[in-house]
Amino acid sequence: MLIKQIKEIEIRNKIPIEIEKTADQIKRIQENWKEYIKENKNVFNGKIIVVTDYQIEDEKITLEIATAFYADLVYAKKYEDLKVWPYFSAIILKTLDEFYVIIKNNKEILNLIGGMGNEEDYEKEEFRPDYTLERELKEELGLSLNNKEEIVSFSLKYIELAGKEERIHPCGLIYTGNLNYTKEELIKHVMHNKKQIDKEVKELLFYNQKTYKSLELEPKKVSYLTEVFEHILKNE
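Just so it is clear, the structure is predicted and the values come from calculations on it, not from any experiment.

## Quick notes on the layout of surface pockets
Then, in step 1: Taken as a whole, the largest pocket holds about 1,800 Å³ of empty space.
Then, in step 2: If you go around the largest pocket, you meet 45 residues; those closest to its centre are Tyr 70, Lys 77, Gly 115, Met 116 and Glu 200.
Then, in step 3: Only β3 (47–57), α2 (70–78), β5 (85–94), β6 (100–105), β8 (113–116) and α3 (129–141) provide two or more residues apiece to the lining of the largest pocket.
Then, in step 4: For the lining of the largest pocket, the class distribution of residues is 20 nonpolar, 13 polar and twelve charged.

Shown next as structure tokens:
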């Protein structure tokens, strides 16, 4: 796991665009998926974006991305013969009264607002990480990334990378943004839009300079959460 501040980034498509799998792997992935959906009936085996490699040269980071199926990720979590680094876009939002917003999902895991990229996040042949973020913000908070009445400003700040030796680990771009809402106003906005918001979001959580250290005591959280807070507060 590696969190880095972004100065310059380039995202390239792998050629060919799909991850490499042997015929035997494809067969076993299909068999594993059939077993998986017996207990997870509402899951869709759609195309996702994955990171296949990255390079860091001076202040420039180059990501190579490809497409995979969700079934590939499910398989890779169980078996060791396939490497999958799922791509995500995420954001940490700051309220007018200087609270940072994260979510608790229905599995009780604390995370940033965001989610995995998919094939809808392309404009022609260019992958747009902000499209991923726009979709996830609407689903999780009922907010629009480009509506200045809701989010005054946002910018790309950090990247979460897998260690080169890691077989499965999320890689993604992390934005920061400033809300046009106080903590209480955001809670009211989310409650007003509750019917349209992703049911995987159980609760909004708010932290500030004084309270973020308590995240270290939380048993269920994404691994990079505390480190992201430390980067942000250090650079305020």
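## Some remarks on the pattern of salt bridges
Then, in step 1: In total, this model carries 20 salt bridges according to the counting rule given.
Then, in step 2: For Glu 134, the salt bridge goes to Lys 138, with nearest N and O atoms at 3.2 Å. A residue pair is termed a helical-turn pair when its members lie 3 or 4 positions apart in one helix, as Glu 134 and Lys 138 do in helix α3 at four residues.
Then, in step 3: Given a relative accessible area of 15%, Glu 134 falls into the buried group.
Then, in step 4: Between Lys 213 and Glu 230 there is a salt bridge; the shortest N-O distance is 3.5 Å. Of this pair, Lys 213 sits in the loop between β13 (201–207) and α5 (225–234) while Glu 230 sits in helix α5, and the two are 17 residues apart along the sequence.
Then, in step 5: With relative accessibility at 32%, the residue Glu 230 sits in the partly exposed group.

## A few points about the nonpolar core
Then, in step 1: If you look at the biggest cluster of nonpolar residues, it comprises 36 residues, and the most contacted ones within it are Leu 93, Leu 137, Leu 143 and Leu 186.
Then, in step 2: Setting aside its immediate chain neighbours within four residues, Leu 186 contacts Val 101, Leu 143, Leu 179, Tyr 181, Leu 204 and Phe 206.
Then, in step 3: Core analysis: the next-biggest nonpolar cluster, separate from the first, contains 21 residues, Leu 205, Phe 229, Ile 232 and Leu 233 among them.

## Here we look at α2
The periodicity of an α-helix, 3.6 residues per turn, causes residues three or four positions apart to be oriented the same way.
Then, in step 1: By the criterion of burial, α2 is predominantly enclosed, with seven of the nine residues buried.
Then, in step 2: Among all positions in α2, only Tyr 70, Ala 71, Asp 72, Leu 73, Val 74, Tyr 75 and Ala 76 are buried.
Then, in step 3: Against the buried residues of α2 lie α1 (23–39), β3, β4 (60–69), β5 and β8.

Cut-offs applied
- Residues numbered from 1 in each chain as written.
- Predicted model: local features only at pLDDT ≥ 70, side-chain atom pairs only at ≥ 80, totals over all residues.
- Heavy atoms only, no water.
- 1 Å grid on protein atoms, 1.4 Å probe; cavity = no way out; pocket = protein on both sides within 12 Å on 5 of 7 lines; lining within 4 Å.
- Points joined across faces, edges and corners; volume = space filled by probe spheres on them.
- Helix = DSSP H or I, 4+ residues; strand = E, 2+ residues; numbered from the N terminus.
- Nonpolar A, V, L, I, M, F, W, Y, C, P; charged D, E, K, R; others polar.
- Salt bridge = Lys/Arg side-chain N within 4 Å of Asp/Glu carboxyl O.
- Buried < 20%, exposed > 50% of the residue type's maximum accessible area, 1.4 Å probe, protein only.
- Core = buried A, V, L, I, M, F, W, Y, C linked by side-chain atoms within 4.5 Å.
- Contact = heavy atoms within 4.5 Å.

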